[in-house]
Structure formats: C-alpha cells, structure tokens
Amino acid sequence: KMTPTDAVMAGKSRHFLTGNITTCLLLLAAHACARPANMSALKDKAPVSKDENEILPPDHLNAVKMELDGHLNKDFQKEVFLGKEMEEFDEDSEPRRNRKKLVEIFAKVDFNKDRSVSAKEMQRWIMEKTEEHFQEATKENKNSFHAVDPDGDGHVTWDEYRAKFLASKGFDEKDVAEKIKNNEDLKLDEETQEVLESLKDRWFQADTNPADQLLNEQEFLSFLHPEHSRGMLRYMVKEIVRDLDQDGDKKLTLSEFISLPVGTVDNQQGQDIDDDWVRERKKEFQEVIDADRNGIVTMEELEEYMDPMNEHNALNEARQMIAVADENQNRSLELDEILKYSEYFTGSKLMDYARNVHEEF
C-alpha cells in the first residue's frame, strides 16, 4: 500500500491524506495495469522503513469502504469476509488448500448448520471479521505508541512526535529535538513541511477533551486509525468531501462524485479503465451511499456509509454479497455458490471446485 508520505513526496496531493484525483488518474493512465478506483493499486513505490510505518497513519484502512483519498476500497469484500485470515488467500496459494480453507469458513458462517448462509448469518460474520481488523489495529498501535513514547510516561507531545517523524526521514533526532526546544528553524523542504502541517492538523483533531496538546495511547490509535473514533471518522469524511466538492456546499452530487478531468486518458485501454471507474462509483453512489435517494450525499450519509461498525451497513453488505453469487435466487448462499465465486470472496480462484464440493464438505 502507498503511504501518505510517498503520496506527498511524489507530488500527488495537496493534502497527504486526500490525494488529488487529477494527478492520481494521470499516473494510473501511465500505469495501465492499475485501476483508478483505488490509489493503493499502484505498485511502483519506494520501500518504506519499518519505523516509518510504525508512526505514520496508514493510507489504507482495512474494513472501511472508502480510502483516505476518496477512492473506493477495492478489497473491502475480501477484508470483511476473511478478516485476519486475508494473507492466507494470496495469488500463489495452492488451490486445493484454499478450497479446504473456504469450506471451513463456510461451516463457521453457517451458524445454524442448515448448509446455507442467510443475510443475517453473513451480517454476523461481517461484524466479527471487522472486529478482528479493529483488534489487530489496536495491537499494532501498542508498538507504534511505544515507538513515539520511549520514556513510557503514557503521553506524547506534538514536538516529540515531530522529532520522531523527521528522524524517520533521515534527520538527526537529537539535533531536531534541540532546534525545536530552542524554536530554531528546522530548514525543511516544502514537501516535508507540507506533510508536517497535515500531520499536525490531524494530531490536534485526535486530541480529545480536555484538549491538552498531548496524545495518550487511545488518542494515538485514533490518530493512526480514524475509524476507531467517531470524531476522527467525521474529520476524515470532511477531508474527503473537501477534495470532491466542487461548488463548496459541503455536499456531493453524483457528478462531483464521479467527475474525471477531460483529457486524463488518451488511449482506448485507458478509456476502458476510466469508464469502469465511473461506472463503479456511480453504482455505489446511487445504490448505497445516497441513503435517501435524493441525488445528494451529505456528510452525515457519507459518515454512516464509512462507519465499519454500522450494523445496518453490514446487513446491506451481506445482502449484496449474497446477490453476487446467489445463482438459484433463494436469497442465501450454498457451499457450491461460494466456491464458484471464490475470487469475489477471497481474491483467489479455485480450480475444479465442483468436483470436490461434497467430498470436502
């Protein structure tokens, strides 16, 4: 996944959390194998150090339907179906092993053991898998917080974090800390300063009442993962709307949500990618995000859409997932249907699934 720092350093955004769509699409046109529906699909990126990963907010949030840059999360279905087992279903996995694992998952989702999965059972499963992502983020946050709080006092100031961040970019931490203490000019380049300003804004948004300009471990979790805090989720929504809203009314029309700059794509292959991107976003806007179907998406609607722990959303998602593979139209899923549509649920194709369905079940 592309980190926010990579995005800024490549000049792709005026705000490191909400990438500029025009530039993103220009890059995607140059890399025809990538889909403009998700900035994280870009593969060519500089390696990021482990320390930098620990203290920077991630560009991608598991089990959240929209990316920080306003693009749709193309891996959402896989994330909420597999939970922490996602890595077990990679493209190089042995098909028979994947099939066996998927059969085991089906048995767990089928809570009442009637050999079919209802929307309610899938909803329950989605909520469980989303909670797994939350628990994983909380666990990782402990290590991240320790990295910026070496004295272990349970609080981190903005200046302490700023020194750690600049150290991860190659600056001498002691020298930076001394200059900050003495209010000296850090002599940063424009791009690094832009990243810091974005981080600072986000930092103070995470500082909950009473605002003391310090972040504790829970507040730092919200700083890294806004989906863990209603206030930070709302802040994230505002940032996304700010980048997509063309007339400044703090709402989104369909045209604003799907608009692409003229001339962004100059070949047929790129145009096909462009068309798919627009079609996907239009469908999501009209059928899911615009809850009252009035053609306008408010910040409140977008916030509800992006809330990963919203049970109503989980039920709607369950119904959509079932509809994709429900070949016999009985509004539930049987094992053979999940195996046949394994790529949708896991990102991994299975070979000769039908031959072994009954045997493995």
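Criteria and cut-off values
- In this convention, every chain numbers its residues from 1, walking through the sequence in written order.
- Since the coordinates come from a predicted model, pLDDT governs what is reported: local features require at least 70, and pairs of side-chain atoms require 80 or more to be given and counted, while whole-chain, interface and lining totals use all residues.
- Note: side-chain values were computed over all heavy atoms of the structure, leaving out hydrogens and water.
- UniProt positions are given in the numbering used here, feature names are shortened, and annotations may be inferred rather than shown by experiment.
- Starting at the N terminus, helices and strands are each numbered in turn, a helix being any DSSP run of H or I of at least four residues and a strand any DSSP run of E of at least two.
- Only the stretch in contact is used when fitting a helix axis, every axis being a line fitted to C-alpha atoms; angles between N-to-C directions are given from 0 to 180 degrees.
- Roughly parallel covers angles under 35 degrees, roughly antiparallel covers those over 145, roughly perpendicular covers 65 to 115, and oblique covers all other angles.
- Contacts are assigned to residue pairs with any non-hydrogen atoms lying within 4.5 Å of each other.
- Just so you know the grouping, Ala, Val, Leu, Ile, Met, Phe, Trp, Tyr, Cys and Pro go in nonpolar, Asp, Glu, Lys and Arg go in charged, and all remaining residues, Gly too, go in polar.
- Nonpolar core, defined: a set of buried Ala, Val, Leu, Ile, Met, Phe, Trp, Tyr and Cys residues in which side-chain atoms within 4.5 Å join the residues together.
- Accessibility here uses a 1.4 Å probe with only protein chains present; expressed as a share of the type maximum, an area under 20% marks a residue as buried, one over 50% as exposed, and anything in between as partly exposed.

Caption draft 1: Focus on the UniProt feature "domain: EF-hand" (unreviewed entry) in the protein. Within the UniProt annotation, "domain: EF-hand" (unreviewed entry) is assigned to residues 97-132, 136-171, 237-267 and 287-312. Taken end to end, residues 97-132 is 75% helix and 0% strand, and its two terminal C-alpha atoms sit 23 Å from one another. Annotated as 67% helix and 6% strand, the span residues 136-171 places its first and last C-alpha atoms 30 Å apart.

Caption draft 2: Seen up close, the packing of helix α6 (residues 119-148) against helix α10 (residues 217-224). α10 packs onto α6 with a crossing angle of 110° between their chain directions and a minimal axis gap of 9 Å. In terms of axis orientation, α6 runs roughly perpendicular to α10. Facing Ala 137, Thr 138, Asn 141, Lys 142, Ser 144, Phe 145 and Val 148 of α6, the residues of α10 in contact are Glu 217, Phe 220, Leu 221 and Leu 224. Considered class by class, the residues forming the contact of α6 with α10 number 6 nonpolar, 3 polar and 2 charged.

Caption draft 3: Broad picture of the nonpolar core. Membership of the largest hydrophobic core comes to 30 residues, with the highest contact counts inside it found for Phe 81, Ile 105, Met 122, Ile 126, Leu 333 and Phe 345. Residue assignment for this core shows that the elements contributing at least two residues are α4 (76-82), α5 (95-109), α6, α15 (311-325) and α16 (335-340). Ranked by residue count, the leading element in this core is α15, at 6 residues. With residues up to four places along the chain from it excluded, the contact list for Phe 81 reads Leu 102, Ile 105, Met 122, Trp 125, Lys 129, Met 321 and Phe 345. Val 148, Val 156, Leu 186 and Leu 196 belong to the second-largest nonpolar core, a separate cluster that totals 25 residues.

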